Amino acid sequence: MMAGMTGEETRTAMSPPIRSSAQDAELQPPATRAWMTRVVIIGIVLTALNLRPAITSLGALLEEVRDGLGMSGSFAGLLTSVPPLCFAVFGVMAPRLARRFGPAAVVCAGMVAIAAGLAIRPFAGNTAGFLVASALALMGIAVSNVLMPVIVKRWFPDRVGSMTGLYSMALALGTAAAAAVTVPMTRALGGSWHAGLAVWAGLAAVAVLPWIPLVRARGTALSRDAASTRASAHGVPSASAAGQEPSALRITRSRTAWALAVFFGLQATAAYITMGWMAQIFRDAGVPAGTAGLLLAVTMVMGVPLAFVIPRLATRLPHQGPIVVALGVCGLVGYAGLYLAPAGGAWAWALLLGIANCAFPLALTMVGMRARTGAGVAQLSAFAQSTGYLISIPGPLLVGVLYQHSGGWGLPIALMAGLMIPQIVVGILAGRDRTVEDEAARRR
């Protein structure tokens, strides 16, 4: 993504108020820095594994949850719209929280929120409680979504492409695992959907552990920041006060930022419709529940190898438009097959839609490529993801309404295919070789 920048240039571009444990690690002996780097890698992988099971585990058991809580089809559609709503609302807060507490502390708190929400929601007893507990988990996912590109860029400025690939692979693996094993694991636990959903809280609890030493390492940095703030208040220059944070980009005036935000929103719409409804589409076509879960897992698991390949390929191309077009064509063919022969060609459609859903790691890669500085990446990531998830909110809800009132999947699938056309168009625009900083400079 930022392959043209050296590590030194990237550290220079970083603004002091958004301190990270990586900056503090530079003051440590080499052995300590190496140990902390390994901990960060473990933390990134474990965090990524936890960013989708809250959603895909519910998609695999949606019919049982609907029956158990007495949900209508429209309310179930609302439930599948909650993830992008939470990502839009809470994701925009992530940069400010990171400046105040540090990215590691915010991600650590996010993992705690995910574990608590997943443990509580199956036993809430009613739809309102289920919704609130889900929102708690999704809040933790939202801030982690935004801050993962920032952490990758801060700790691995010369390996952004490969580390984003590793993060995307782990995210796809967690997504696929939850889709594949939730139904059989539920059966192994006695057939209770409550236990089948709650078990994923354990994985989130494990993901808290690697962030704890990084949060502790930041404690000293916070003391130094407080001292420098007091010094600057009395007119005394200090090391951390010497370079002030650059003025924020007018990101809403960037055409590239808007193109990337819309592309992110449309790919998120497709992803959350797939995670929330695809298993149900196959089940309604006569596919057994366990097989439907496996088909959803195939769709999700396609992201494991491709999430590593696509970021590396994207950073080598001057324009990412060809990748956007290739993914979009796979999506259109997959939706056509899902409409014409959902059960007969189920495995092929799951495979093609899985390839199409790999627009997500491409979008993350373009976030890093469309900004030159660390502060620019943080701002663009928050804008593109929050705006994008806001755009994606109506999609899953509309699918639920169309399904309930039309009595079939024809109209919902037509909607999914129709949204793929503008996704290709804005993806081509977002893939042009330019940065939001350059656009801001031209406007000034």
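Now for a quick tour of the structure. Small disclaimer: the values here were computed from a predicted structure and weren't measured. (Residues numbered from 1 in each chain as written. Predicted model: local features only at pLDDT ≥ 70, side-chain atom pairs only at ≥ 80, totals over all residues. Heavy atoms only, no water.)

Once that is clear, we can look at the overall build of the protein. Within the protein, the secondary structure is distributed over 24 helices and 0 strands. Residue pairs in contact within the protein that sit at least 24 positions apart in sequence constitute 84% of those at least 6 positions apart. For the protein, the computed accessible surface area is about 16900 Å², with 67% contributed by carbon and sulfur atoms. (Helix = DSSP H or I, 4+ residues; strand = E, 2+ residues; numbered from the N terminus. Contact = heavy atoms within 4.5 Å. Areas by Shrake-Rupley, 256 points an atom, 1.4 Å probe, with all protein chains shown as cover.)

This structure, assessed with the given rule, holds 1 salt bridge. For R283, the salt bridge is made with E64, and the minimal N-O distance between the two is 3.4 Å. Of this pair, R283 sits in helix α15 (residues 255–284) while E64 is found in helix α5 (residues 62–69), placing the two residues 219 residues apart along the sequence. On the basis of relative accessibility, which here comes to 29%, the residue E64 falls in the partly exposed class. (Salt bridge = Lys/Arg side-chain N within 4 Å of Asp/Glu carboxyl O. Buried < 20%, exposed > 50% of the residue type's maximum accessible area, 1.4 Å probe, protein only.)

Below, the discussion takes up α15. With 30 residues, α15 extends 42 Å between its outermost C-alpha atoms, agreeing within 8% with the 44 Å of an ideal straight helix rising 1.5 Å per residue. The sharpest bend along α15 comes to roughly 50 degrees, located at W277. When you tally the buried positions in α15, you get 26 out of 30 residues, the bulk of the element. (Expected span 1.5 Å × (residues − 1). Bend = angle between axes of the 7 residues up to and from the residue.)

Turning our eyes to something else, we now look at the packing of α15 against helix α16 (residues 289–301). It is at 8 Å that the axes of α15 and α16 come closest, and there the two elements cross at 140 degrees. When the axes of α15 and α16 are compared, the pair comes out oblique. Relative to α16, the crossing made by α15 is right-handed. For the pair formed by α15 and α16, the contact residues are T274, M275, M278, A279, F282 and R283 on the first element and A289, A292, L295, L296, T299 and M300 on the second. (Axes fitted to C-alpha atoms, helices over the stretch in contact; angles between N-to-C directions. Parallel < 35°, antiparallel > 145°, perpendicular 65-115°, else oblique. Left-handed = near helix turned anticlockwise from the far one by under 90°.)

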